[in-house]
Amino acid sequence: MYIERLNNIESIISLQNDFYKTHSIAPINVSNWTVSKEFRDAMEHCFRHSNDISPIDYLYSYNISRNMKDSVMETLGVEKSILTRKTCIFFPNNSLSIVNVCNMLQKMKRKNVGLLYPAYFSIESCMNTYGITCTPIYTKRINGT
């Protein structure tokens with residue numbers, strides 16, 4: 001199955017290259033989670049965040065440095081003196097993360113949450129499975145972004 005997926009990816013890349021050669025423009029990769037610089041810059045103004053990492057960019061768990069993990073643990077109240085004996089787990093960026101957040105919210109006895117849209121399609125149904133009601137909060141699009 002993994003080999004088949006790699007072959008599919010190679011086919012898609014080949015189609016993208018052929019399209020570029022024919023039309024002199026690159027097709028939009030709709031499955032790419034990386035946002036444009038313009039969108040990121042506009043959205044970052046809405047959040048307080050450190051300059052080390054954008055709250056908008058898609059971040060893969062395996063790219064998170066030890067320093068960043070330590071910073072997260074300190075923010076969550078882990079004493080600096082014991083950081084070397086502790087670690088934290090960042091779930092992969094997929095449904096596993098969603099399920100674990102829903103499970104945590106249920107354990108925290110949360111019954112209602114606000115869900116900022118656009119949101120990943122499976123979040124609301126997963127929340128409902130855990131008995132959590134979602135109130136949709138829609139972002140306003142400006143100039144189509």
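One can find the structure itself at the top, above this paragraph.
No experiment lies behind these values; they were computed from the predicted model shown. (Residues numbered from 1 in each chain as written. Predicted model: local features only at pLDDT ≥ 70, side-chain atom pairs only at ≥ 80, totals over all residues. Heavy atoms only, no water.)

S.K.: Can you break down the overall build of the protein residue by residue, with the values?
M.R.: For the protein, the count of helices and strands is 5 helices and 2 strands. Across the protein, helices and strands are ordered from the amino to the carboxyl terminus as α-α-α-α-β-α-β. Counting every position in the protein, which comprises 145 residues, the buried fraction comes to 15%. For the protein, restricting intrachain contacts to residue pairs at least 6 apart in sequence, the fraction spanning at least 24 positions comes to 27%. Summing over all exposed atoms, the protein offers an accessible surface of approximately 12,000 Å²; the carbon and sulfur share of this is 56%. (Helix = DSSP H or I, 4+ residues; strand = E, 2+ residues; numbered from the N terminus. Buried < 20%, exposed > 50% of the residue type's maximum accessible area, 1.4 Å probe, protein only. Contact = heavy atoms within 4.5 Å. Areas by Shrake-Rupley, 256 points an atom, 1.4 Å probe, with all protein chains shown as cover.)

S.K.: For unusual backbone geometry, give the residues involved together with the corresponding values.
M.R.: With the exception of glycine, the majority of residues adopt a negative phi angle, and the majority of peptide bonds are in the trans configuration. Omega for the bond connecting tyrosine 117 with proline 118 falls within 30 degrees of zero, at 10°, which places this linkage in the cis form. The topology assignment puts proline 118 in the loop between β1 (112-117) and α5 (123-129). With a phi close to 60°, serine 24 is a non-glycine residue in the positive phi region. Considering the arrangement of structural elements, one finds serine 24 in the loop between α1 (2-23) and α2 (37-44). What makes serine 24 exposed here is its relative accessible area of 56%.

S.K.: Break down the nonpolar core for me, citing the residues and quoting the values.
M.R.: Listed in full, the 11 residues of the largest apolar core are Ile98, Cys102, Leu105, Val113, Leu115, Tyr117, Ile123, Cys126, Met127, Ile132 and Cys134. Those elements giving two or more residues to this core turn out to be α4 (95-107), β1 and α5. If sequence neighbours within four positions are ignored, methionine 127 has contacts with Cys102, Leu105, Val113, Ile132 and Cys134. (Core = buried A, V, L, I, M, F, W, Y, C linked by side-chain atoms within 4.5 Å.)

S.K.: Give me the packing of aromatic side chains: which residues, what numbers.
M.R.: Applying the stated criterion across every chain yields a total of 2 aromatic pairs. Taking 4.8 Å as the distance between ring centres and 45° as the angle between the ring planes, the aromatic pair formed by tyrosine 120 and phenylalanine 121 counts as tilted. Classification of phenylalanine 121 as exposed rests on a relative accessible area of 68%. (Phe/Tyr/Trp six-rings, centres within 6.5 Å; stacked < 30°, edge-to-face > 60°.)

S.K.: Residue-level account of the pairing of strand β2 (residues 133-138), with values.
M.R.: Where β1 lies against β2, 6 bridges are found, and the strand directions are parallel. Residue pairing for β2: leucine 116 is matched across the bridge by isoleucine 137. Viewed along the sheet, the connection from β1 through α5 into β2 turns out right-handed. (Pairing = 2+ DSSP bridges. Right-handed = clockwise from strand over helix to strand, strands pointing away.)

S.K.: Pulling in residues and values, what's your account of the side chain of serine 122?
M.R.: In this fold, serine 122 is placed in the loop between β1 and α5. Non-local contacts of serine 122, meaning those with residues more than four positions away in its chain, are made with Ser95 and Ile98.

S.K.: Tell me what's going on with a nonpolar patch on the surface, and back it up with residues and numbers.
M.R.: Taken together, the side chains of Ile89, Phe91 and Leu96 make up a nonpolar region of the molecular surface, amounting to roughly 300 Å² of accessible area. As for its position among the elements, phenylalanine 91 is in the loop between α3 (66-75) and α4. (Patch = residues over 30% accessible without salt bridge, like charges linked within 9 Å, V, L, I, M, F, W, Y side chains within 5 Å. Salt bridge = Lys/Arg side-chain N within 4 Å of Asp/Glu carboxyl O.)

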